[in-house]
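Each chain is listed here by its residues.
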Amino acid sequence: MIRLDNVKVEFGEFLALKGIDMNVKKGEFFTLLGPSGCGKTTTLRSITGFITPTSGTVSVAEEDITHLEVEKRNIGMVFQNYALFPTMTVFENIAFGLKVKKVSKEEIKERVMEIGRKVDLSEEQMQKKVNELSGGQQQRVAIARALVTSPSIICLDEPLSNLDAKLRVQLRNELKELQRKFGITTIYVTHDQEEALTLSDRIAVFNKGQIEQIGRPDEIYNHSQTEFVCNFIGDINKLDDAFLKRAGIETGKACYIRLERLYVNAKKPYHIDFGPATVVSSEYNGLYIKYTLEADGSIFKVIEKNSGTDIYDIGQIVNVSFDPKNIMMY
């Protein structure tokens, strides 16, 4: 539905986007993920029309919209700070886009109240000023305002970044449910890997103005195509030469393995029985425990599911094994 072909964006002598190729399917939750300054927000703004690419094309439903005005693109936008009008009521904020389009008062009231119900805003809340609402309620107002004009696409630029951790998790679940309910094509920008993995149908990982990999969350995590993606997504061990030598592996490549793919005291050791290692430290996280281990000068980490019984002490000797097919090489 949304297609970017060799999109480049220059700011003076700085090349912010180095030729972005991307194809987003209708109804898909598609996330642009990467560190600050990598080009993900610039890509989003090129889609919405706030930035005109230096070259390349942006198309929606096979129509070239590269130079189309923002207001003619039928794209809803939710900004990082929500960009709500603090002196207006919730109703007036949501109705703003419809008033700009000169929709009748009767239709505005009907559509605003309907969208308010769909995002769980009560009639009482609709009459409040937005600065009287919680962060989560303000987010729902911003989403309702973006959806009330019936856009074909909604774009969200880090909408959860200003919230505390607990509320972020709660609202990210609500956000996904809303997207499923409306079935709307969604472009989502974030630097948070966990957020991207839990929300997305597919993810584009950005680095220095270009896309390193596009794929489903499981593909991005389990089959990282580049060393950057491998390091950026989740926690990982880079295996040093001493570790590889002890395991009998000689590749001449950079080797990595996910923490949960190293097994401690497995009842049936995996293909490579790495042997004993010493527990250096541990981090208790409720659902799992992260251990730092040392063996012959090699430091590496493992994650063990918290069974409530086997918690290893610092200084304890444990046996480590793994399947070599889980090593990612670059």
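Procedures and definitions
- Residues numbered from 1 in each chain as written.
- Predicted model: local features only at pLDDT ≥ 70, side-chain atom pairs only at ≥ 80, totals over all residues.
- Heavy atoms only, no water.
- Domains from an automatic or database assignment.
- Contact = heavy atoms within 4.5 Å.
- Buried area = accessible area lost by both parts, 1.4 Å probe.
- Salt bridge = Lys/Arg side-chain N within 4 Å of Asp/Glu carboxyl O.
- Polar contact = N/O pair within 3.5 Å; in protein donor to acceptor, adjacent residues only side chain to side chain.
- Helix = DSSP H or I, 4+ residues; strand = E, 2+ residues; numbered from the N terminus.
- Nonpolar A, V, L, I, M, F, W, Y, C, P; charged D, E, K, R; others polar.
- Buried < 20%, exposed > 50% of the residue type's maximum accessible area, 1.4 Å probe, protein only.
- Pairing = 2+ DSSP bridges.
- Expected span 1.5 Å × (residues − 1).
- Core = buried A, V, L, I, M, F, W, Y, C linked by side-chain atoms within 4.5 Å.

K.L.:
I would appreciate a short explanation of the domain arrangement of the protein in the present structure.
P.N.:
Domain boundaries in the protein define domain 1 (2-232) and domain 2 (236-329). Relative placement of domain 1 and domain 2: their C-alpha centres are 39 Å apart. Taken together, the contact pairs seven residues of domain 1 with eight residues of domain 2. Where domain 1 abuts domain 2, roughly 660 Å² becomes buried across the two surfaces, and 44% of that area is made up of carbon and sulfur atoms. Counting the surface domain 1 buries against domain 2, the share from its top three residues, Tyr221, Glu227 and Cys230, is 69%. At the boundary of domain 1 with domain 2, the tally comes to zero salt bridges. One can count six residue pairs in polar contact (both at pLDDT 80 or more) joining domain 1 with domain 2. Residue assignment for the side of domain 1 that touches domain 2 shows that the elements contributing at least two residues are α8 (217-222) and α9 (227-232). When the residues that make up the side of domain 1 that touches domain 2 are grouped by side-chain class, the tally is three nonpolar, three polar and one charged.

K.L.:
How do you make sense of the pattern of salt bridges when you look at a structure like this?
P.N.:
When the charged atoms of two side chains lie near each other, side chains of opposite charge can form a pair. Counted according to the given criterion, the structure contains twelve salt bridges. The salt bridge involving Arg172 is made with Glu194; its shortest N-O contact spans 3.0 Å. Within this pair, whereas Arg172 is found in helix α6 (residues 165-182), its partner Glu194 is found in helix α7 (residues 193-199), the two being separated by 22 residues in sequence. By relative accessible area, which is 49% here, Glu194 ends up partly exposed. What you see here is one network of salt bridges that share partners, running through Arg216, Asp218 and Glu219.

K.L.:
Help me understand the sheet that holds strand β11 (residues 236-238) in this model?
P.N.:
The strands making up a sheet associate through backbone hydrogen bonding, with each pair oriented either parallel or antiparallel. Spatial ordering of the open sheet is given by β11-β12-β18, a layout of three strands whose pairing is antiparallel. Every other strand in the sheet has two partners, leaving β11 and β18 (328-329) as the edge strands with one partner each. Bridging between strand β12 (residues 255-258) and β18 involves two bridges; their strand directions are antiparallel. Residue pairing in the sheet places Tyr256 in a bridge with Met328 of β18.

K.L.:
Teacher, can you tell me more about unusual backbone geometry here?
P.N.:
Keep in mind that most residues, glycine aside, have a negative phi and that most peptide bonds are trans. Phi at Asn6 takes a positive value of approximately 50°, unusual for a residue other than glycine. Tracing the backbone shows Asn6 in strand β1 (residues 2-11). Among the residues examined, Asn6 registers a relative accessible area of 39% and is labelled partly exposed.

K.L.:
Would you explain helix α5 (residues 135-147) in this entry?
P.N.:
Residues that lie three or four places apart on an α-helix share one face, since the helix turns once every 3.6 residues. Spanning 13 residues, α5 covers 19 Å between terminal C-alpha atoms, matching the ideal 18 Å at 1.5 Å per step. Most of α5 sits out of view: eleven of its 13 residues are buried. What α5 keeps buried is the set Gly136, Gln137, Gln139, Arg140, Val141, Ala142, Ile143, Ala144, Arg145, Ala146 and Leu147. Along its buried surface, α5 packs onto β6 (75-78), α2 (90-100), α3 (105-118), α4 (123-126), β7 (153-157) and α6.

K.L.:
Help me out: how do you make sense of the environment of Val141 in this one?
P.N.:
Along the chain, Val141 falls in helix α5. On the basis of relative accessible area, Val141 is assigned to the buried category, the value being 0%. Residues Val141 and Val130, eleven residues apart in the sequence, show an inter-C-alpha distance of 8.2 Å. Leave out the neighbours within four places in its chain, and Val141 touches Leu84, Val90, Asn93, Ile94, Leu121, Val130 and Leu133.

K.L.:
Help me understand the nonpolar core, please; the structure alone is not making it clear to me.
P.N.:
Most often, soluble globular proteins keep nonpolar side chains buried together rather than apart. If you look at the biggest cluster of nonpolar residues, it comprises 37 residues, and the most contacted ones within it are Val78, Val90, Ile94, Val112, Met126 and Val141. No other element matches α5, which puts six residues into this core. Those residues in contact with Ile94 that lie beyond four places of it in its chain are Val112, Ile115, Leu121, Met126, Val141, Ala144, Arg145 and Val148. Counting 26 residues, the second-largest nonpolar core is a separate cluster that includes Val9, Ile47, Ile65 and Phe206.

K.L.:
Sorry, what's going on with α6 here?
P.N.:
With 18 residues, α6 ought to run about 26 Å at 1.5 Å a step, and its terminal C-alpha atoms sit 26 Å apart, in line with that. Considering only its buried residues, α6 is in contact with β3 (29-33), α3, α5, β7, β8 (185-190) and α7. Of the residues one or two after α6, Gly183 is the one with positive phi, at around 65°.

K.L.:
Got a minute to help me understand the environment of Cys38 in this structure?
P.N.:
Within the element layout of this structure, Cys38 appears in the loop between β3 and α1 (40-48). Residue classification places Cys38 among the buried positions, given a relative accessible area of 2%. Along the sequence, Cys38 and Lys101 sit 63 residues apart, while their C-alpha atoms lie 35 Å from each other. When residues no more than four places from it in sequence are discounted, the contact partners of Cys38 are Phe206, Asn207, Lys208, Gly209 and Gln210.

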